[in-house]
Amino acid sequence: MSNHFKELEDLKSVSVGIENDKKGYTDKQCPSEDCEFLFKVHSEDWLNIFKDEAVWCPMCRHEAPADQWFTIAQVEHAKEEAFKVVSGLVGKSLSNMTKSFNRGRSKNGFVSMSMKYKGSTGRTFTIPAKAAEEMELDIKCENCQSRFSVVGSAFFCPACGHNSVTQTFTDSLRKIKAKVDNLEIVREALISASSKDEAELTCRSLQETCISDGVVAFQKLCEGLYEPYGKAPFNAFQRLEQGSELWTKALGKGYKDWLTPSELIELNVLFQKRHLLSHNEGIVDEKYISKSGDSSYKSGQRIVVSVNDVESLLLILNKLSEALKLSCSVV
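Residues numbered from 1 in each chain as written. Predicted model: local features only at pLDDT ≥ 70, side-chain atom pairs only at ≥ 80, totals over all residues. Heavy atoms only, no water.

1. Comments concerning the overall build of the protein chain
For step 1, the next point in the chain: For the protein chain, the helix and strand inventory stands at 11 helices and six strands.
For step 2, the next point in the chain: Every one of the 331 residues in the protein chain was classed for burial, and the buried ones make up 40%.
For step 3, the next point in the chain: For the protein chain, the share of sequence-separated contacts (at least 6 apart) that also reach a separation of at least 24 residues comes to 57%.
For step 4, the next point in the chain: In the structure as shown, the protein chain presents an accessible area of about 19300 Å², 52% of it carried by carbon and sulfur atoms. (Helix = DSSP H or I, 4+ residues; strand = E, 2+ residues; numbered from the N terminus. Buried < 20%, exposed > 50% of the residue type's maximum accessible area, 1.4 Å probe, protein only. Contact = heavy atoms within 4.5 Å. Areas by Shrake-Rupley, 256 points an atom, 1.4 Å probe, with all protein chains shown as cover.)

2. Here's the deal with the sheet that holds strand 1 (residues 25–29)
For step 1, the next point in the chain: Taken together, four strands build an open sheet; the order of strands is 1-2-6-5 and the sheet is antiparallel. Among the strands making up the open sheet, the edge pair consists of strand 1 and strand 5 (137–140). Ignoring strand direction, the axes of neighbouring strands in this sheet form an average angle of 30°.
For step 2, the next point in the chain: By the bridge criterion, two bridges tie strand 2 (residues 38–42) to strand 6 (residues 147–150) in an arrangement that is antiparallel. Counterpart to Val 41 in the pairing with strand 6 is Phe 148. (Pairing = 2+ DSSP bridges. Axes fitted to C-alpha atoms, helices over the stretch in contact; angles between N-to-C directions.)

3. Points about the nonpolar core
For step 1, the next point in the chain: Residues Phe 218, Trp 247, Tyr 255 and Leu 267 are the most contacted members of the largest nonpolar core, which totals 43 residues.
For step 2, the next point in the chain: Elements with a minimum of two residues in this core: helix 4 (165–181), helix 6 (196–226), helix 7 (240–251), helix 8 (255–258), helix 9 (261–279) and helix 11 (307–330).
For step 3, the next point in the chain: Excluding anything up to four places from it in sequence, Leu 267 contacts Leu 240, Leu 259, Leu 313, Ile 316, Leu 317 and Leu 320.
For step 4, the next point in the chain: Core analysis: the second largest hydrophobic core is formed by 19 residues, Val 41, Trp 46, Cys 57 and Ala 66 among them. (Core = buried A, V, L, I, M, F, W, Y, C linked by side-chain atoms within 4.5 Å.)

4. Here we look at the packing of helix 6 against helix 9
What describes two packed helices is the angle between their axes and the distance between those same axes.
For step 1, the next point in the chain: Axis separation between helix 6 and helix 9 bottoms out at 9 Å; the angle between their running directions is 110°. The angle between helix 6 and helix 9 falls in the class roughly perpendicular. In this structure, the crossing between helix 6 and helix 9 has a hand that is left-handed. Residues Glu 208, Ile 211, Ser 212, Val 215, Val 216 and Phe 218 of helix 6 form the contact with helix 9, whose participating residues are Leu 270, Phe 271, Arg 274, Leu 277 and Ser 278.
For step 2, the next point in the chain: Grouping the constituent residues of the contact of helix 6 with helix 9 by class yields seven nonpolar, two polar and two charged. (Parallel < 35°, antiparallel > 145°, perpendicular 65-115°, else oblique. Left-handed = near helix turned anticlockwise from the far one by under 90°. Nonpolar A, V, L, I, M, F, W, Y, C, P; charged D, E, K, R; others polar.)

5. Here we look at the side chain of Ser 292
For step 1, the next point in the chain: Tracing the sequence through the fold places Ser 292 in helix 10 (residues 286–292).
For step 2, the next point in the chain: On the basis of relative accessible area, Ser 292 is assigned to the buried category, the value being 6%.
For step 3, the next point in the chain: Of note is the side chain of Ser 292, whose polar atom sits 3.0 Å from the backbone nitrogen of Asp 294.
For step 4, the next point in the chain: Every residue in contact with Ser 292, bar those within four places of it in the chain, is listed here: Asn 268, Val 269 and Gln 272. (Polar contact = N/O pair within 3.5 Å; in protein donor to acceptor, adjacent residues only side chain to side chain.)

By themselves, these figures tell us nothing about what the structure is for.
Structure, rendered in structure tokens:
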């Protein structure tokens, strides 16, 4: 009878395929339990560019060998498929054993004996794990050229671990825009779940964080781009005048060469508002009025950050960053 179980005995492992999405990307997930970030990598690059020794999470930069990046859904699917294959082989073996036993019994004897198997033979093949939906942001690493895809933001290349200051800056501006674009949705949801008062406080706070996030993102971009020219003083690029002087020495051009006078004035006011929010709870003092030239406030008032402020900041920072990236690549 053992011959009937030979196929099962010879089974060493069950291989389960993984489908790519329509764009040729395959699903991956960070193995760190604190992260578990879902992303995709192009299947051709996974074979040709990625290394077996190490892959990096685009979100947290957790590092692990390439065989540890299966998604939770893929692992669960593989377990289910393996169980079905083994069950199918067991059923098939028992069914064949039953048929063989019955064929060997004589039907003419005084006592007749037969065997009946009621179980299912199941299936002995696997179905590939389906690909998750396509992700919105496709990225190509400027360092190793590998292609990967995420929803939201990515800070590191999964193939080489490279941290792109330009990609990080772009993602930061996208997040800021997403905040202001969805303020009304957030407000309505909070009113339904809590109260108008809580909704207003939260939305006002979100608008204010957009200014701080924009200034910090620009600072990080400048620090990264400035590295070939030396080490900039601490937080120098949070101060427009000092930052412009550094670029003038390095590139021969400063902010006044890339922005109009009105844009420079507006950017200075927004940077000074960020300073007040970070260091003085947004309360206006004489220092703010003097440095910003903003005469719409008196000392002791609290500044207001409007959606227009955030949109202006995004437009000006985007224009300034493009000029900086171009100038740095030319030099």
